[in-house]
Amino acid sequence: MNSIHTQNKHINLHALQEGLRDGIPIALGYLAVSFSLGIAAQAAGLTPFQGFLASITTNASAGEYACFMAISTGAAITELLLIMLITNGRYLLMSCSLSQKFSPGTPLRHRLLAAFAITDEIFGISIARGGYLNPYYMYGAILIASPCWALGTVLGIVAGNILPLRAVSALSVALYGMFLAVIVPPARKEKIIGVLIVVSFVLSFASEHLPVVSSLSSGTRTIILTLVISAAAAVIRPVKLTEEEKSDEIQ
């Protein structure tokens with residue numbers, strides 16, 4: 001019994017070390033991106049400690065940015081919750097997909113801990129692992145990536161408080177670069193995505209000037225536009241399943 005316990009401990013330690021190794025590039029990227037996010041947090045009036053708590057407990061670039069923008073406009077708590085739920089909805093799908101990678105005997109506590117810190121990048125390296133996924137692999141990546149995400153946010157807030165206004169405005173441009181990096185690749189691959197991006201820009205601009213909609217808060221307008229555009233896209237241009245996915249669905 002002791003030998004089995006020792007063997008499992010060795011396997012978990014090895015998986016943890018591999019996760020730490022594979023998480024280093026992610027951590028470096030997080031540090032750079034979250035620095036720009038910290039600039040937005042500073043503009044919203046958050047302190048470094050508040051920014052640290054927001055990033056260490058959220059781990060979502062688009063979700064946090066939308067939340068900081070909503071805070072800066074004085075959005076209500078219910079609006080913040082809805083914005084976070086909508087912008088981070090994809091993580092529900094990632095969690096469902098990743099749950100199939102764990103062995104049937106994986107305890108619930110490991111599933112919950114792994115689900116808490118799922119990000120696009122950590123999901124990517126985890127889902128690519130062959131065979132069953134050892135949760136300690138995810139823990140290794142999370143242990144190095146998540147603190148760097150929070151640290152970068154803190155550094156961005158501190159820099160925003162110290163640097164001149166022009167420098168802060170220049171650094172804020174990096175946020176637009178982050179979003180361009182997110183939307184351009186899929187838009188080049190699927191033309192419909194590019195069309196939807198343009199439509200969302202146009203409708204977002206129009207919503208600020210339309211008689212009834214313009215009276216709503218920016219957070220509420222964002223929620224409405226997200227639901228309407230995504231629902232319309234799902235009806236007009238649903239995602240087609242591959243033959244392999246169809247066979248899996250039938251089974």
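Basis of the calculations
Residues numbered from 1 in each chain as written. Predicted model: local features only at pLDDT ≥ 70, side-chain atom pairs only at ≥ 80, totals over all residues. Heavy atoms only, no water. Helix = DSSP H or I, 4+ residues; strand = E, 2+ residues; numbered from the N terminus. Buried < 20%, exposed > 50% of the residue type's maximum accessible area, 1.4 Å probe, protein only. Contact = heavy atoms within 4.5 Å. Areas by Shrake-Rupley, 256 points an atom, 1.4 Å probe, with all protein chains shown as cover. Patch = residues over 30% accessible without salt bridge, like charges linked within 9 Å, V, L, I, M, F, W, Y side chains within 5 Å. Salt bridge = Lys/Arg side-chain N within 4 Å of Asp/Glu carboxyl O. Axes fitted to C-alpha atoms, helices over the stretch in contact; angles between N-to-C directions. Parallel < 35°, antiparallel > 145°, perpendicular 65-115°, else oblique. Left-handed = near helix turned anticlockwise from the far one by under 90°. Nonpolar A, V, L, I, M, F, W, Y, C, P; charged D, E, K, R; others polar. Polar contact = N/O pair within 3.5 Å; in protein donor to acceptor, adjacent residues only side chain to side chain. Core = buried A, V, L, I, M, F, W, Y, C linked by side-chain atoms within 4.5 Å. Phe/Tyr/Trp six-rings, centres within 6.5 Å; stacked < 30°, edge-to-face > 60°.

Bringing the overall build of the protein chain into the picture now. Summing up its helical and strand segments, the protein chain has 12 helices and 0 strands in all. Along the protein chain, from the amino end to the carboxyl end, the secondary structure elements read α-α-α-α-α-α-α-α-α-α-α-α. Taking all 251 residues of the protein chain together, 32% fall into the buried category. Partitioning the contacts of the protein chain with sequence separation of at least 6, the portion at a separation of at least 24 is 76%. A total of about 15,300 Å² of accessible surface is found on the protein chain, and carbon and sulfur atoms cover 70% of it.

A grouping of Phe49, Phe52 and Leu53 is seen on the molecular surface, where their side chains present a nonpolar patch of about 290 Å² in accessible area. Note on placement: Phe52 falls in helix 2 (residues 48-58).

Next up on the list: the packing of helix 3 (residues 61-72) against helix 4 (residues 77-87). Look at helix 3 against helix 4: their axes get within 9 Å of each other, and the N-to-C directions meet at 160°. Taken together, the axes of helix 3 and helix 4 lie roughly antiparallel to each other. Seen along the crossing, helix 3 lies across helix 4 with a hand that is right-handed. Contacts between helix 3 and helix 4 involve Gly63, Glu64, Ala66, Cys67, Ala70 and Ile71 from the former and Leu80, Ile83, Met84 and Thr87 from the latter. Its residues assigned to classes, the contact of helix 3 with helix 4 comprises 7 nonpolar, 2 polar and 1 charged.

Here we take up the side chain of Thr106. Within the secondary structure, Thr106 sits in the loop between helix 5 (90-99) and helix 6 (108-116). Residue classification places Thr106 among the buried positions, given a relative accessible area of 10%. A distance of 2.9 Å separates a polar atom in the side chain of Thr106 from the backbone oxygen of Ser103. Non-local contacts of Thr106, meaning those with residues more than four positions away in its chain, are made with Arg111 and Pro135.

Attention shifts here to the nonpolar core. Core analysis: the largest hydrophobic core is formed by 29 residues, its most contacted members being Phe68, Leu98, Ile118, Ile122, Leu133 and Met138. Those elements giving two or more residues to this core turn out to be helix 1 (2-43), helix 3, helix 5, helix 7 (120-127) and helix 8 (135-162). Sorting elements by how many residues they give to this core places helix 8 first, with 7 residues. Discounting residues that sit within four places of it in the chain, Phe68 has contacts with Leu37, Ala40, Ala41, Ala44, Leu46 and Ala54. Counting residues in each nonpolar core, the second largest holds 8 residues, with Cys67, Ala70, Ile83 and Ile223 among its members.

Both trends apply: most residues other than glycine have a negative phi, and most peptide bonds are in trans. For Asn59, which is not glycine, the phi torsion reads 55° and is therefore positive. Within the secondary structure, Asn59 sits in the loop between helix 2 and helix 3. Here Asn59 falls in the buried class, since its relative accessible area comes to 8%.

Our focus in this paragraph is the packing of aromatic side chains. Within this structure, the stated rule accounts for 2 aromatic pairs. Taking 5.3 Å as the distance between ring centres and 70° as the angle between the ring planes, the aromatic pair formed by Tyr30 and Trp149 counts as edge-to-face. Residue Tyr30 is found in helix 1, and its partner Trp149 is found in helix 8; the two are separated by 119 residues along the sequence. When its relative accessible area of 4% is taken as the criterion, Trp149 is described as buried. Between the aromatic rings of Tyr136 and Tyr139, the centroid separation amounts to 5.3 Å while the plane-to-plane angle is 75°, which identifies the pairing as edge-to-face.

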